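Geometric and topological summary
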Amino acid sequence: MSTKVIMITSQKGGTGKSHICLNLALNLATNASVAIVDYDPQGSLSNLDGHFVDIKIYGASVTISEIRTLPYDFLILDTPPYLFDATEGLARISDLIVIPTKASILDTIAVSKTVELLKSITPTDRLLLVLNMVKANTTLTDTMYRELKTFGVAIAKTRVSD
């Protein structure tokens, strides 16, 4: 079995990393074996272990070298809202890195720094920006979307509404 590793990361808090992580896991679990590794010290997802029949949630004690040995189709990694010691190593072993962002000026500045860092570590085709907590039909969302396009990274077609 070849485990696919999906890392959810951003250097800014409040972008919905844990929320996207959990919802992605729940959706994938309908057709695949899925686990979450919660590296966020808040431990929001770790506190949910045992609440979902189809999803195992591990705490931050899982090392980078252990990740690919876990017996799942998908492993989704929730990270803290800042760079931490394992960021680079986790990025290197991830098949996809999802970078959630809200449509705001401060979030766009933060995500530009996250993208810049990740581009230096991993191929650009592994990066995916996701607009999260979007307010429909606002000019700010459209303006931020145009700004995000300048980063040279794929942007998810689906926007997660507020």
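Placed above this text is the structure.
I will try to describe carefully the structure that is included in this document.

1. Some details on the side chain of Asp-38
- Here Asp-38 shows up in strand E2 (residues 34-38).
- Buried Asp-38, no salt bridge; nearest opposite-charge side chain is Lys-17, N-O distance 10 Å.
- Looking at Asp-38, its side chain comes within polar contact range of the main-chain nitrogen of Leu-45, at 3.2 Å.
- Beyond its immediate stretch of four places on either side in the chain, Asp-38 contacts Gly-43, Ser-44, Leu-45, Ser-46, Tyr-58, Gly-59, Ala-60 and Asp-78.

2. Quick look at the pattern of salt bridges
- For the structure shown, the criterion picks out 3 salt bridges.
- Asp-49 is the salt-bridge partner of Lys-56, the closest N and O atoms lying 3.0 Å from each other.
- For Lys-56, a relative accessible area of 33% translates into the label partly exposed.
- The exposure class assigned to Asp-49 is partly exposed, which follows from its relative accessible area of 32%.

3. Describing the sheet that holds E2
- With respect to topology, 7 strands assemble into an open sheet ordered E3-E2-E4-E1-E5-E6-E7, the strand pairing being parallel. Two strands lie at the open edges of the sheet, namely strand E3 (55-58) and strand E7 (154-155), each paired on one side alone.
- Summarising the sheet, E2 and E3 pair through 4 bridges and their orientation is parallel. Paired with Ala-35 across the strands is Lys-56, a residue of E3.

4. Observations concerning the packing of aromatic side chains
- Per the counting criterion, the structure on display carries 1 aromatic pair.
- Between the aromatic rings of Tyr-58 and Tyr-72, the centroid separation amounts to 6.2 Å while the plane-to-plane angle is 75°, which identifies the pairing as edge-to-face. Placement of the pair is Tyr-58 in strand E3 and Tyr-72 in the loop between helix H2 (64-67) and strand E4 (74-78), with a sequence separation of 14 residues.
- When its relative accessible area of 13% is taken as the criterion, Tyr-72 is described as buried.
- A cation sits over an aromatic face here: Lys-56 above Tyr-58, 5.3 Å from the ring centre.

5. Structural notes on the pairing of strand E5 (residues 96-101)
- Burial analysis of E5 places 5 of its 6 residues in the buried class, which makes it a mostly covered element.
- By the bridge criterion, 3 bridges tie strand E1 (residues 4-8) to E5 in an arrangement that is parallel. Pairing of Met-7 across the sheet is with Ile-97, part of E5.
- Examined bridge by bridge, E5 and strand E6 (residues 127-131) share 5 bridges and lie parallel to one another. Paired with Ile-99 across the two strands is Leu-129, which belongs to E6.

Analysis parameters
Residues numbered from 1 in each chain as written. Predicted model: local features only at pLDDT ≥ 70, side-chain atom pairs only at ≥ 80, totals over all residues. Heavy atoms only, no water. Helix = DSSP H or I, 4+ residues; strand = E, 2+ residues; numbered from the N terminus. Buried < 20%, exposed > 50% of the residue type's maximum accessible area, 1.4 Å probe, protein only. Lys, Arg positive; Asp, Glu negative; His and termini not counted. Salt bridge = Lys/Arg side-chain N within 4 Å of Asp/Glu carboxyl O. Polar contact = N/O pair within 3.5 Å; in protein donor to acceptor, adjacent residues only side chain to side chain. Contact = heavy atoms within 4.5 Å. Pairing = 2+ DSSP bridges. Phe/Tyr/Trp six-rings, centres within 6.5 Å; stacked < 30°, edge-to-face > 60°. Lys NZ or Arg CZ within 6 Å of the ring centre and 35° of its normal.

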